[in-house]
Amino acid sequence: FLKSRKGFVKLAMRKRVPVVPVYVFGCSDYFLTSTVFYNVRHTLMKKFGICIPLCRGLYNSMCPLPIKTTIVFGEPMELFDIMGEEKRQPTEEELSAAHDKFCVALRDLFDKHKTRLGYADRTLTIK
């Protein structure tokens, strides 16, 4: 859901601070998820904002599976450069350009490390 979340970029641009792309490899494998009643659960989520996750972890409990987790950091990005020198609210076009730049950097970070960390078969989808 990163595609529609631009607040952190807007705040960084307004305060003129860098943003660092970070990705956590392994966290999406902590639990085994089920597709039982997926259409009903997805409809509830879309219409009412109610999420009913069906998942299980270690020994069918809510404890996460013992999966290796690796956090990778990208280079700090000064997204406020898009606005120039003046301190002001970014326009919608500037905000979208900066957010797109961040998403590209995050995808590049994922692609750079995925093979080395055992995730070569996966792609990062930003929705």
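Residues numbered from 1 in each chain as written. Predicted model: local features only at pLDDT ≥ 70, side-chain atom pairs only at ≥ 80, totals over all residues. Heavy atoms only, no water.

**Student:** Explanation requested: the overall build of the chain in the structure shown.
**Tutor:** Of the regular secondary structure elements, the chain holds 3 helices and 4 strands. The order of α-helices and β-strands along the chain, N terminus first, is α-β-β-α-β-β-α. For a compact globule of 127 residues, the expected C-alpha radius of gyration is about 14 Å, and the chain comes in at 18 Å, more than 25% above that figure. Here the C-alpha coordinates of the chain stretch approximately 55 × 40 × 25 Å along the principal axes. For the chain, with 127 residues in total, the buried portion stands at 28%. For the chain, the share of sequence-separated contacts (at least 6 apart) that also reach a separation of at least 24 residues comes to 75%. Per element, the accessible surface of the chain, about 9000 Å² overall, is 59% carbon and sulfur. If you average the places of the 21 positive and of the 13 negative side-chain charges in the chain, the two averages end up 10 Å apart. (Helix = DSSP H or I, 4+ residues; strand = E, 2+ residues; numbered from the N terminus. Rg over C-alpha atoms; globule rule 2.2 N^0.38 Å. Buried < 20%, exposed > 50% of the residue type's maximum accessible area, 1.4 Å probe, protein only. Contact = heavy atoms within 4.5 Å. Areas by Shrake-Rupley, 256 points an atom, 1.4 Å probe, with all protein chains shown as cover. Lys, Arg positive; Asp, Glu negative; His and termini not counted. Charge placed at Lys NZ, Arg CZ, Asp CG, Glu CD.)

**Student:** I'm lost on the side chain of Glu94 in this one. Help?
**Tutor:** Tracing the chain through its elements places Glu94 in helix α3 (residues 92-114). Here the side chain of Glu94 touches Thr91 through a polar contact of 2.9 Å, landing on its backbone nitrogen. Beyond its immediate chain neighbours, meaning those up to four positions away, Glu94 contacts Met13, Ile82, Met83 and Arg88. (Polar contact = N/O pair within 3.5 Å; in protein donor to acceptor, adjacent residues only side chain to side chain.)

**Student:** How should I be thinking about a nonpolar patch on the surface in this particular structure?
**Tutor:** Judged by side-chain polarity, Val36, Phe37, Val40, Phe48, Ile50, Ile52 and Leu54 come together as a nonpolar surface patch covering roughly 670 Å² of accessible area. Residue placement: Phe37 occurs in the loop between β2 (32-33) and α2 (38-48). (Patch = residues over 30% accessible without salt bridge, like charges linked within 9 Å, V, L, I, M, F, W, Y side chains within 5 Å. Salt bridge = Lys/Arg side-chain N within 4 Å of Asp/Glu carboxyl O.)

**Student:** For this particular structure, what's the right way to read the pairing of strand β4 (residues 70-73)?
**Tutor:** Regular strands have side chains that alternate between both faces of the sheet. Of the two faces of β4, the one lined by Thr70 and Val72 is fully buried and the one lined by Ile71 and Phe73 carries no buried residue. Bridging between strand β1 (residues 22-25) and β4 involves 4 bridges; their strand directions are antiparallel. Bridge assignment links Val24 to a residue of β4, and that residue is Ile71. (Pairing = 2+ DSSP bridges.)

**Student:** Sorry, what's going on with the pattern of salt bridges here?
**Tutor:** If the charged atoms of two oppositely charged side chains come close together, the side chains can form a pair. Evaluated as defined, the whole model comprises 2 salt bridges. Measuring nitrogen to oxygen at the nearest pair gives 3.1 Å for the salt bridge that ties Arg122 to Asp29. Note that Arg122 is positioned in the segment after α3 and Asp29 in the loop between β1 and β2, a separation of 93 residues in sequence. By relative accessible area, which is 31% here, Arg122 ends up partly exposed. Given a relative accessible area of 22%, Asp29 falls into the partly exposed group. In this structure, the salt-bridge partner of Lys114 is Asp111, at a minimum N-O distance of 3.7 Å. You can see Lys114 and its partner Asp111 sitting in helix α3, 3 residues apart, about one turn around the helix. For Lys114, a relative accessible area of 13% puts it in the buried group.

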